[in-house]
Amino acid sequence: GLPLEWLQRGAEVAGIAPGSVDTIVTTYTLCTIHDAVGALGVLRPALKPGGRLLFCEHGLAPDAGVTKWQKRIEPVWRPMAGGCHLTRDVDAMLAAAGWRIDKAERMYLPGTPRWAGYNVWGEARPA
C-alpha cells in the first residue's frame, strides 16, 4: 500500500528531483559502484527534510590481520565477484559523501570468511 518507484540505474544518472525522496536504501552495492562516494553524494539532495538512508554493506574489517588478507585477496576477488571491493570503509565513504550515521551495527557474519564477512548496517542522514 506504499507508493514505491523502483529506479534501476546508476545514482549519478538517476535524475532524482531534489527533496523528492523519503528513504534511500542501499544493500551490498557500495562495494561495486565505481565512484561510491560520488553516488552517495548525488543521492543526498534527493531526500526530503527528515529523510534517511538505510544501508547494509560489507567492507573493510576493523582487525589488522583480517584487513591484511582483504588487501591480498581483493585483486583476485574483484574480477570474480563482479567488481566487488573488499577494502572499502563504509563509515568513511558515508562521511566523505556528507552523511552522518545515526545508528549502526557492525559484525562479522556467522559462517562467512572473515575477509568477506565484515558487515555494517544502519541509518544515516545528511550531515
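Described below are features of the structure shown in this document. What you are looking at is a predicted structure, and each value in this text was computed from that prediction instead of being measured.

What counts, and at which threshold
Residue positions are counted from 1 within each chain, in the order its sequence is given. pLDDT decides what is reported in this predicted model: residues at 70 or higher carry local features, side-chain atom pairs at 80 or more are listed and counted, and totals for whole chains, interfaces and linings draw on all residues regardless. Working from all heavy atoms in the structure, the side-chain values ignore hydrogens and water. DSSP bridges decide pairing: two strands pair if at least two such bridges lie between them. For helices the rule is a DSSP run of H or I covering at least 4 residues; for strands it is a run of E covering at least 2, with both sets numbered from the N terminus onward. Whether a crossover is right-handed depends on one test, that the path from the first strand over the helix to the second runs clockwise when the strands point away from the viewer. For this analysis, a ring pair means two rings from Phe, Tyr or Trp (six-membered ring only for Trp) whose centres lie within 6.5 Å, classed as stacked if their planes differ by under 30 degrees, edge-to-face if by over 60, and tilted for the remaining angles. Only protein chains enter the accessibility calculation, which uses a 1.4 Å probe; a residue whose area is less than 20% of its type maximum is buried, one above 50% is exposed, and one in between is partly exposed. We call a charge positioned over a ring when the NZ of a Lys or the CZ of an Arg lies within 6 Å of the ring centre and within 35 degrees of the ring normal.

## Here we look at the pairing of strand β2 (residues 47-58)
Where strand β1 (residues 21-27) lies against β2, 6 bridges are found, and the strand directions are parallel. Bridge pairing in β2 links Val21 to Leu47. In terms of handedness, the path from β1 via helix α1 (residues 36-43) over to β2 forms a crossover that is right-handed. Bridge count between β2 and strand β4 (residues 118-126): 6 bridges; the pairing is antiparallel. Paired with Glu57 across the bridge in β4 is Val120.

## Topic: the packing of aromatic side chains
Under the criterion given, the structure shown has 2 aromatic pairs. Where Tyr108 meets Tyr118, the ring centres are 5.3 Å apart and the plane angle is 65°; that geometry is what we call edge-to-face. Of this pair, Tyr108 sits in strand β3 (residues 99-108) while Tyr118 sits in strand β4, and the two are 10 residues apart along the sequence. With a relative accessible area of 18%, Tyr108 lands in the buried category. Assessed through its relative accessible area of 10%, Tyr118 is described here as buried. Positioned above the aromatic ring of Trp69, the side-chain terminus of Arg72 is 4.7 Å from the ring centre. In this arrangement the basic side chain of Arg114 is found over the ring face of Tyr108, its NZ or CZ atom lying 3.8 Å from the centre.

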